[in-house]
Every structure is written in structure tokens, then in C-alpha cells.
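Observations on the model geometry
Here is what each chain is made of, one letter per residue.
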Amino acid sequence: MEKGTLVEFRVQGDSRLGVVDRPDGKTRWFVVDERGQSHSLAPRQITYTVNGSTYKPTEIKSFLDQVQPYLDPSSLEVAWEILVEDGETVNPSQMANLLFSESEASQCYAAHCLLSEDKLYFKQKGDVYEPRSVAQVAERKHQIEVEAQKAKGQQEFLARVEQALQGETVEWQRQDRQRLEAIEKYAALVSDIVRMGINSDSLARAYPPPTSVLETMSMLGRSATPHTAFQLLIDLGWWSPHENLFLRRSSIPVQFPNKVLEVAQQNLDSPPADLDTNRLDLTHLKAYTVDDESTTEIDDGLSWEILPDGREKLWVHIADPTRWLIPEDELDLEARKRGSTVYLPTGMIPMFPEVLATGPMSLVQGKICCALSFGIVLDQSGAVEDYCIHPSLIKPTYRLTYEDVDEMLQLGVEAEPEIAAIANLAKRRKTWRYHQGAISINMPEAMIKVKDDDISIDILDDSSSRQLVAEMMILAGEVAARYGQTHNIPLPFRGQPQPELPPEEELLLLPAGFVRFCAMRRCMPKSEMSINPVRHAGLGLDTYTQATSPIRRYSDLLTHFQLKAHLRGEDLPFSAEQLKEVMMTVTTTTQEVTMVERQTNRYYALEYLRRHPEEVWQITVLMWLREDSNLALILLEDLGLQLPMAFRRSVSLGEQVLVKVSLADPQKDIIQFQEIIYQEAVN
């Protein structure tokens, strides 16, 4: 090339003009741009040569000023319409003649710029440009429009994100929600990751983000890891800092489908026909419901009466949700999918829509309610002497709390002798069960509640009222199971194999109380479900099923379906094989529910402790987790929490120690305690 030739070249992706200065070896050239900067170029880097004149670097700006008036991309459409029919190819010089009727250096270069930057009408083939077909141009116009809309949507999304980050209220659009929901799924990996011990540098490799997540996070200038996705959702106010990732990772549905809600409302507005036309009217009996104050699904009540022959008769009334649904309908299948009501510190997720569960399905004080009532007469030892089961009508007289009943028992309220009578029968019943081999393990249970970000932890007292209600529920479960066994009805029977407890002399070597109970608990086998009657060793019963929480447990609802059909003289809704299949599905679901409940309670227990770093707690050493490294399970007595602790000295089981929390990270599931020596505690 001649010295002074003006060329276009590319450096790091950018196009520039420069003037050829001199050769650089055999094939390369030194070219000087308008800034006076010299570049050594290979031939492939030179993309266009301006013919006809030589230039100086200082003349490049003037040349570009001459080119500028011709750079109108819309002019290419006219040229394309002329050339497309015959499919003629053109070079920049020919295009200059076509567009500008001249082919001077500045016009030819302008034509080159238009063609090389065009993505719509022409495509390059060697040194010439070929017009795209009409169909190709139409498709590319559509793509450009889609990309423009996408870019516009991204800008609007970024603007809403900025609003949210500044704490302003944002009305998220449908596409925004799709973006954020994809990020939700990715962020939910956090709880798994922290347990696996994967560090931040390895996250992207171990858990590569989906394309949509990667695109959104890149757009927002954030790295795409589960941790940063989690933090983004918190920053946007989309999630709370204590978002329940255990629940989000589970298959537990949080909302009811619209169809199910519609059916629930229809049943409420126009109640279905009651299949039990022969309900026993028990509205003359005083009926007491006993629950925690916060309970909204009230599914059991108690009555007591004296029979003409002088015997005492207990009535355990159970809510009758089957009055409002039939097997395999929308409500039943949704309840089956859920398995049970989920109880979390932050609130509950009901098995049935609340409009039914807390309304007509519940035993509401002062209202005539449908129930399944178990009438039971005990003999002097506490064994069941006689029983009956009836679909019934009751009218709950009082809604009591456990505290109310404890107070009534302590004060001996004469106006309500039924309460004392039921309590006495409950004691008789408990004594009988322990004579049958029932096993008592009395460990404190923490009840964790979260309200407006305040966490409270209370211990559920094993009070007289709770024992009373528990005995009545166990009694009804035995009667339901006996009825099923007698009439050969497949039911979800619940049993527990006989445990192999440590020898009594070995147990006596352990400190009495919690340590001994803990050792016994370790030996207790898991309960089992079967369509055939099976002994429940822990309860001391030869046969047992759960029947007292049909609004909250699907297995109890199955028991009601089967019993009520038999009482009506109808075919059973579930054969043995059908029941077995449903039970397997429900058992899997309820195991997941139990796991989510346990994980969520633990999270908030650790968060509670994190918020009380200066509190001194008295703990009891319950058992060894790894004795060789002094890792033990401890009980925080004031909270009813059982957690691990590594000791720096030798301690004994049952030893009571004062501790503080040294580290609590609920997100990473980490809790560490430090022992407070006596002198420090005194100071």
C-alpha cells in the first residue's frame, strides 16, 4: 500500500480510520490514527481502503465530517427494494452510486459504513453485499421488535427494582414476577448449601444458575449464586430475612387452588345433603371443647352423664368434616395432597380451606354442630366396658382453654361437676393403660411462636388438663380401632413395636428425670401404620387408630370415611388395597410436613438464642452424642430446647451447667455455647 492511504481497521472490536505510514516486516503495516497513535496491523485487521487520494492523520476528522451527512440507515431500505427482486449484489462503490448518484471517496466510505453495520437488509458475501429475501427481512424486523420490547421491559424492570431498593412500594408486573419466582427457586438452595459446607467460590460451579436467573442477576450487576439471590429478594422486600426456605423447598402447597376455594364457598352457601339422616341428638348434654387459646380448628369436645343404672358414661365428640365432602371430590383430594395441617411458629397452613375448617367443620360454642360421637363406659379398672359410635348433633356449651380447666380442677368449681368427673375417669384410664404396659416419657416440649418479628418460647406443661384431653383422645382412638377390628373394617391402624428398654438396673444408674427419659426415648421404635390391627406398645393398647383430628390429619379423615359408611350400612369407600395405597401416599406427605415443622422450629429456636447473647441459661447434660470429643445433647430447661454442645472439660450426664450462647447462625444451622464458671456467674 502507498504511504498516506486511508484505511479502516479494527482494534479490540472497535473500527477506526488511520493513515498508512510504513511497512512493518513483510506483511504488516504501521498505521497512524487521528490521535497520532501508531498501530502495527496485519492485513486481516484492515476492513476497508479509501481509494483515490492520500491523507495525513490530521485530515481524518475532516474526512469523517464529509461522510457524516450520508449516514442515514433508512436510505438502505430504498436500495434494498430496488435490488431484492433480482437479488443483485453490490459493493460500496455501486451502493454509493445507487444511494447518492455519486461515488466519491466520502460517499463510498459512507456506503461501506451503512452496509457493514446493517443487520436488516443486506448480508456480506466476500467483498460484496447481497440483499436478504422479503421473508428474511420480515423475520428480522420481528426479531428487532421483540428485542426492542425486551430491552424496554428490562429497563422498566430495572426502574422498579431501583424503587424497591429505595423502600418504595412497587407494583410488580407479570414478567417481573416470573423473573423473581425463578430467582426464588434458585435462592431456596441456600439451606441445602450451608449444610453441605460449600463455600461461596464453589457455589456457581456446584449450582449453576438457570439462564433466566443468570440474565436477571447480570442485569442487576450481582453475581449469580444462591446466597446473592437470597439477599436480592430480601433487599427488594420480596422475602423477609427469615424466609422459610424449608417450606419453599418442600412440595407442601401454601395456597389453595381457586377451584377448591370455589367448591368450599359453594358448600358453605348451599350445604350438601347430609348422608347421615339418623344423627343422634346429644344437644341436651353439656359439651366442653378444650384447646389452646390460639386454636381455630376445634375438632373435639367432651361430655359426661350418669346412666339410669348409675354408671358413668363419657362422650368424646369429634368434628365431622365428612358432612361437607365425599371421598374423591375436590376438597377430599386437596386434603389428601396436603396430608395434614402444617403448624409453624409463624402460623398454620390448614388442610381444608379456612372458611370450612374454622367454620362449619369445627365444634363452635353455642352452635348446633355435626359430630361423630363416641359413647364409652369404663369399668372400675379403667378398661372399656361398653361403647357406641354415632353420627350426632351436639351444641358445645363452653369453649375452654387448658388454663381454664386447670383452674376449675384446682378450685373444684361446683357448677361444673362434669369437668371433675371426666378428670377422674381420665386418671383411672391412665392407670389402666400403664398396667397394660404403656410407657411414660415426659420430656419438656417447646412451643415457639413468631408475631411481628417477636419470637416467644414457652414450655408446654404436662398439666392435668392436657393429660385429661390426651387420655380422652387416646380412648376414642382405641374405641374406633376396636369397632374396626370387630367389624373387619380396613382402617389406618397405628401401632408401635415393643421397645427393648435398658435393664432396670442400668436405668437406675442414670440420673432420674430427663436423663433417664432421654435414654428410654432412644430405645423407642417408630410408630407404624397398617390396614390391620396392631399393638401400640407405647400406649399400652392392643389396637389403636387416630380418629380425633379429622380437620387436621388426613389419616383421621380416612377413619371417619370408613366408620361412617359402615354405620350407615353402606359399602366402604376404600377397600383394603385402596386404603393401603392412599395411606402410603399420605404417610410420605406427612413425613415431609413433620420435617418442615421440625426444621422451622429449630431455625427460630436458634434465632431466639442469637438475639439473647448475654442471657445465662441453665442446662442439663442429657446424653452423649460423641463422648470421645465431649459432644453432648443438652436441655435448656427454661426453654424446653434440646441442642448439641461441645464441652471443654469432662462432664457427667445429668450435670447442670450455666452457659451463654457464643455463636448462633440459624441460616447456617450453627449453635455454639460457652460454659460460664461459677465465679463469673456470681460477678
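Each chain carries its own residue numbering, running from 1 in the direction its sequence is written. Totals for whole chains, interfaces and linings use every residue, but because this is a predicted model, local features are given only for residues with pLDDT of at least 70 and side-chain atom pairs only at 80 or more, for both listing and counting. Hydrogens and waters are ignored; side-chain quantities use all the structure's heavy atoms.

Concerning the nonpolar core
The nonpolar side chains of a soluble globular protein tend to be buried with one another. Side-chain atoms within 4.5 Å link the members of a nonpolar core, which is a set of buried Ala, Val, Leu, Ile, Met, Phe, Trp, Tyr and Cys residues. Burial status follows relative accessibility: with a 1.4 Å probe on protein chains alone, a residue under 20% of its type maximum counts as buried, one over 50% as exposed, and anything between as partly exposed. Membership of the largest hydrophobic core comes to 38 residues, with the highest contact counts inside it found for Leu314, Val316, Phe374, Ile376, Leu468, Met472 and Leu475. By the criteria applied, helices consist of DSSP H or I runs no shorter than four residues and strands consist of E runs no shorter than two, each listed in order from the N terminus. When residues of this core are traced back to their parent elements, those giving at least two are β9 (288-291), β10 (300-306), β11 (312-319), β14 (369-378), β15 (384-394), α15 (402-411), α16 (417-435) and α17 (464-486). Ranked by the residues each element gives to this core, the list is headed by α17, at 10 residues. Apart from residues no more than four positions distant in its own chain, phenylalanine 374 is found in contact with Leu314, Trp315, Val316, Ile318, Cys388, Ile389, Ala476, Val479, Ala480, Ala547 and Leu563. Leu247, Val450, Leu609 and Ala632 belong to the second-largest nonpolar core, a separate cluster that totals 37 residues. The contact criterion used throughout is that any non-hydrogen atoms of two residues lie within 4.5 Å.

Describing the packing of helix α5 (residues 134-165) against helix α9 (residues 211-219)
Relative to each other, α5 and α9 sit at 60°, their axes nearing to 11 Å. Compared by their axis directions, α5 and α9 come out oblique. Relative to α9, α5 is oriented so that their crossing is right-handed. Here Lys150, Gln154, Phe157 and Leu158 of α5 come into contact with α9, specifically with Glu215, Thr216 and Met219. Amino acids are sorted into nonpolar (Ala, Val, Leu, Ile, Met, Phe, Trp, Tyr, Cys and Pro), charged (Asp, Glu, Lys and Arg) and polar (every other residue, Gly among them). The class makeup of the residues in the contact of α5 with α9 is three nonpolar, two polar and two charged. Lines fitted to C-alpha atoms define the axes here, with helix axes fitted over just the stretch in contact, and angles between the N-to-C directions of these axes take values from 0 to 180 degrees. Put simply, angles under 35 degrees are roughly parallel, angles over 145 are roughly antiparallel, angles from 65 to 115 are roughly perpendicular, and the rest are oblique. In a left-handed crossing the near helix is turned counterclockwise from the far helix by less than a right angle, and in a right-handed crossing that turn is clockwise.

Some thoughts on a nonpolar patch on the surface
Judged by side-chain polarity, Val78, Ile82 and Leu98 come together as a nonpolar surface patch covering roughly 250 Å² of accessible area. For isoleucine 82, a relative accessible area of 48% gives the class partly exposed. Think of a patch as exposed residues, more than 30% relative accessible area, with no salt bridge, where like charges cluster within 9 Å and nonpolar side chains (Val, Leu, Ile, Met, Phe, Trp, Tyr) cluster within 5 Å. In this description, accessible areas are obtained by the Shrake-Rupley approach with a 1.4 Å probe, and a residue is regarded as covered only by the protein chains that are shown. The working definition used for a salt bridge is a side-chain nitrogen of Lys or Arg within 4 Å of a carboxyl oxygen of Asp or Glu.

Here's the deal with helix α19 (residues 514-523)
Taken residue by residue, α19 has Val515, Cys518, Ala519 and Met520 as its buried positions. Against α18 (504-508), β21 (617-626) and β22 (631-636) lie the buried residues of α19.

Points about the packing of aromatic side chains
Only Phe, Tyr and Trp rings are paired, with Trp represented by its six-membered ring, and only when their centres lie within 6.5 Å; those with planes under 30 degrees apart are stacked, over 60 edge-to-face, the remainder tilted. Scanning the model with the defined rule gives 12 aromatic pairs in all. For the pair tryptophan 172 and tryptophan 238, a centre-to-centre distance of 6.1 Å together with 85° between the ring planes defines the contact as edge-to-face. With tryptophan 172 in the loop between α5 and α6 (174-187) and tryptophan 238 in the loop between α10 (226-235) and α11 (245-249), this residue pair connects regions lying 66 residues apart in the sequence. Considered together, tryptophan 172 and tryptophan 238 belong to a single accessibility category, that of buried residues. A centroid spacing of 6.3 Å and a plane angle of 50° characterise the contact between phenylalanine 561 and phenylalanine 574, whose relative ring orientation is tilted. Residue phenylalanine 561 is found in helix α20 (residues 554-567), and its partner phenylalanine 574 is found in the loop between α20 and α21 (576-610); the two are separated by 13 residues along the sequence. By the burial criterion, phenylalanine 561 is buried, and phenylalanine 574 matches it.

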